[in-house]
Amino acid sequence: GDGLAAPAAQVLALRRAGHGRELDEDTRAFLRKQGRMIDIQTEHLHEQRDLILRNLRLRSWRETFQLGTQVFVALAAAFFGLCLVFMVVGALRSRTVIVEAFDAPPALASSGLTGKVVASALLDQLTRLQSAT
């Protein structure tokens, strides 16, 4: 790569300038050192690559899980919202009235007006009103 091109060019230039064997030995030692450094950097890059790929896989799984959870929550909220809308619309359109039996005060119960009797009378009145309208 570019890291070796400049020193190699310097070596060739110095050789042509007439420097002797001593310079060649220094240059060779320098180039060997550079080669070892490149080997160490290459090994380090391979280790980093493995870590980066592992982290990318983990991040991808985590994001997929988050997306799935968000979609599930959104669908559940939409389902419950629709159920609520249908219940409200059904209640608004309903023409039926449900009157359940209740306990009457003791003073009314002693005269025969129990909760069942009062509820039945109320339902009869509502039925008459509905028939009239």
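**Describing the overall build of the protein**
From N to C terminus, the protein includes four helices and zero strands. When the helices and strands of the protein are listed from N to C terminus, the series reads α-α-α-α. Counting the 133 residues in the protein, one finds 6% classified as buried. Here the protein has roughly 11,700 Å² of accessible surface; of this, 64% comes from carbon and sulfur atoms.

**Section: the packing of aromatic side chains**
Tallying each qualifying case throughout the model produces two aromatic pairs. Residues Phe79 and Phe80 carry aromatic rings whose centres are separated by 5.5 Å and whose planes lie at 65° to one another, so their mutual orientation is edge-to-face. For the pair Phe79 and Phe80, a shared accessibility class is recorded, and that class is exposed.

**A closer look at the pattern of salt bridges**
Enumeration over the complete set of coordinates arrives at one salt bridge. A salt bridge links Arg49 to Asp50; the shortest N-O distance between them is 3.8 Å.

Each value, and the rule that gives it
- Just so you know, the residues in each chain are numbered from 1, in the order the chain's sequence is written.
- Only residues with pLDDT of at least 70 get local features here, since the model is predicted, and only at 80 or more are side-chain atom pairs given and counted; chain-wide, interface and lining totals rely on the full set of residues.
- Side-chain measures here rest on the full set of heavy atoms in the structure, leaving out hydrogens and waters.
- A helix here means a DSSP run of H or I that spans at least four residues, while a strand means a run of E at least two residues long, and both kinds are numbered starting from the N terminus.
- The buried label goes to any residue with under 20% of its type's maximum accessible area, the exposed label to any with over 50%, and the partly exposed label to all in between, with areas taken from a 1.4 Å probe on protein chains only.
- Exposure was quantified through the Shrake-Rupley algorithm and a 1.4 Å probe, taking into account, for residues, occlusion by the shown protein chains and nothing else.
- Here a Phe, Tyr or Trp ring, Trp counted by its six-membered ring, pairs with any other such ring whose centre lies within 6.5 Å, and the pair is stacked when the planes are under 30 degrees apart, edge-to-face when over 60, and tilted otherwise.
- Take a side-chain nitrogen of Lys or Arg and a carboxyl oxygen of Asp or Glu: if they are within 4 Å of each other, that pair is a salt bridge.

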